[in-house]
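Given next are the chains, with one letter for each unit.
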Amino acid sequence: MNKVEVAVIGGGPGGTDCAIRIAQRGKKVAIIEKKYFGGTCTNWGCIPTKAMMTSAHLYGNIISKGKRLGIKAQAEVDIKALMKHVKRSILSSRKGSEFLLNKYGVEIIKDEAIIKNGKFCLKNDDSEILADNIVLATGSAPKIPESLNVEGVWTSDDVFELEELPESLLIIGAGVIGVEMATIFSSLGTKVTLIEFMNRVVPFEDIDISQLLENEMRKKKIEIITGTSVNEIRKTDNGFNSSLSNNKSIESSHVLVAIGRKPVYPDGLEKIVKIEKGIETDNNFLTNEKNIYAIGDVRAKVMLAHVASAEGVFVAEKLSGKNSDYYRENWPGVIFSEPEISSTGVKETEKGLPDGLIKFVFPMAANGRANTLAEREGFAKIIAEKDTMIIKGASFIGPFVTDILMEIELAINEKLTVGEVLKSIHPHPTISEIVKDTLEGLEGTPLHI
Ligand code: NAI
């Protein structure tokens, strides 16, 4: 390969956005991808899950809400057509990434980066990767322990290859993937059991969010077993038998393991850069090796597409001699469960709120738009500093709450007070009004409750 100023290894959201910004700054940059552009997000993560979720939501709405909304319709799942929609969404996102890389003049190298004699090389081209700087953006893969690694057991990578709807599905892990998959499959008619090792679902979210989500999932006939793990999975004639740590066992036609992800990088990389849980970097994403950077999931810190992208752009600007930064202390998180969840900043745990903070909780049932959607379950909880009224955190659960989080994300990062955010008029009737209503509650004068 011809020498470039920067070689980005890995074509997921982190690597792609990094390479595009470097090219936009006029530098010679190549991106190396061994499989598909778009990485986990496009091919096995965000995009296919949300495509499946759209179909599942439409079907679930017709079945469970059609009558109430005055729509009489027969509906049935055509899994082959549904998976076509998923594949189309993947392809359009994948092509979109390649289109943008080409548009901005990034050199695309479809090959695998390997380590050979302590040097970065291209596997098929059998040549050295010649670059002034290297950015490692090689991502992550599902974690599956030996005891659960039985033939036919799914990870999230396998779900999008399905040809028939599972009759019953045991999901191990009630984190983000676990609850999103439980939502999709139960809406489509599969009998779902969700096992979580901690004592509540989505244990990293606000405690009241976990509680409400659990109630709503139970209403949808999802069986939830918390404080439990799976010791062993055995193959049976009809599927799998999984023995649980509570001495019970569960029969299911399918099993999905969703207990987290692990970083992925070329063999031998540990001899070049320091790796602990993931690749170690400083605050500028520089590894212990001069001119080698690492961004995104491969650092095993925050494994989110939007965080990888922000890190990639930061490194791109740095390598282009520009100053740039982004807010690192907190990041927005979204979960496409039913109801949806979004959160940022401080959350309430089993121990309550940290000292000096106050909260107000506003019910979704009092929001006009939620009522017209017939989706009244949920709430907004906003947390602020008692003395200054500076906003510190928010958790939302309810319809379209993934789209209303950014107002609070911005407020936290810009250290805005409750009063400062309330200066803006919130449009009626929208779900976003719940932000205003909750902030008014924090001021002690809620108009609508
Ligand atoms: P996760 O870390 O979100 O959740 C894993 C869950 O499994 C945890 O609740 C954990 O307590 C539980 N667990 C661990 N070992 C267990 C065991 N032996 N038995 C039962 N439960 C066990 O990991 P997940 O859901 O696999 O997602 C991986 C990554 O992908 C996360 O970083 C997540 O943020 C990201 N992601 C983000 C999405 C989004 O932004 N909407 C969607 C899907 C994934």
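Before reading further, recall that the structure is shown in the block above.
Please read all numbers here as calculations on a predicted model, not as lab measurements.

Draft legend 1. Geometry of the site of the ligand. Taken together, 21 residues lie around the ligand, and Ile177, Glu180, Glu196, Gly260 and Val334 are the ones closest in. Taking Val334, its main chain carries an N or O atom lying 2.8 Å from a nitrogen atom of the ligand. Of the residues contributing to the shell around the ligand, the split by class is 13 nonpolar, five polar and three charged.

Draft legend 2. Local environment of the environment of Glu214. Along the chain, Glu214 falls in helix α7 (residues 207-219). Taking the C-alpha atoms as reference, Glu214 lies 6.7 Å from Val201; in sequence the two are 13 residues apart. Look past the residues within four positions of Glu214 in its chain and what remains in contact with it is Arg200, Val201, Ile224 and Thr226.

Draft legend 3. Region of the structure containing the layout of surface pockets. Taken as a whole, the second largest pocket encloses approximately 980 Å³ of empty space. In terms of lining, the second largest pocket is formed by 35 residues, of which the most central are His57, Asn61, Lys220, Glu338 and Glu375. Looking at the lining of the second largest pocket, the elements with two or more residues in it are α3 (46-65), α6 (176-188) and α7. Looking at the lining of the second largest pocket, the element that brings in the most residues is α3, giving eleven residues. Here the residues of the lining of the second largest pocket are counted per class, giving twelve nonpolar, eleven polar and twelve charged.

Criteria and thresholds
- Numbers given to residues run from 1 along each chain, matching the order in which its sequence is written.
- Given that the model is predicted, a residue must reach a pLDDT of at least 70 before its local features are reported, and side-chain atom pairs must reach 80 or more before they are shown or counted; all residues, however, enter totals for whole chains, interfaces and linings.
- Hydrogens and water molecules were not included; the side-chain quantities draw on all heavy atoms of the structure.
- Nearness is judged by heavy atoms alone; a residue qualifies as near a molecule or strand once a single heavy atom is within 4 Å of it.
- We call two N or O atoms a polar contact when they sit within 3.5 Å, provided that within protein one can donate a hydrogen and the other can accept it, with sequence-adjacent residues counted only if both atoms are side-chain atoms.
- When residues are sorted by character, Ala, Val, Leu, Ile, Met, Phe, Trp, Tyr, Cys and Pro go into the nonpolar class, Asp, Glu, Lys and Arg into the charged class, and all the rest, Gly among them, into the polar class.
- Each helix is a run of DSSP H or I of at least 4 residues and each strand a run of E of at least 2, with the numbering of both proceeding from the N terminus.
- Should any heavy atoms of two residues lie within 4.5 Å, those residues are considered in contact.
- Here a cavity means grid points, on a 1 Å grid over the protein atoms only, where a 1.4 Å probe fits yet cannot get out; a pocket means an open set of points with protein on both sides within 12 Å along at least five of seven lines; lining residues are those with an atom within 4 Å of a point.
- Grid points are joined across faces, edges and corners, and a volume is the space filled by probe spheres set on the points.

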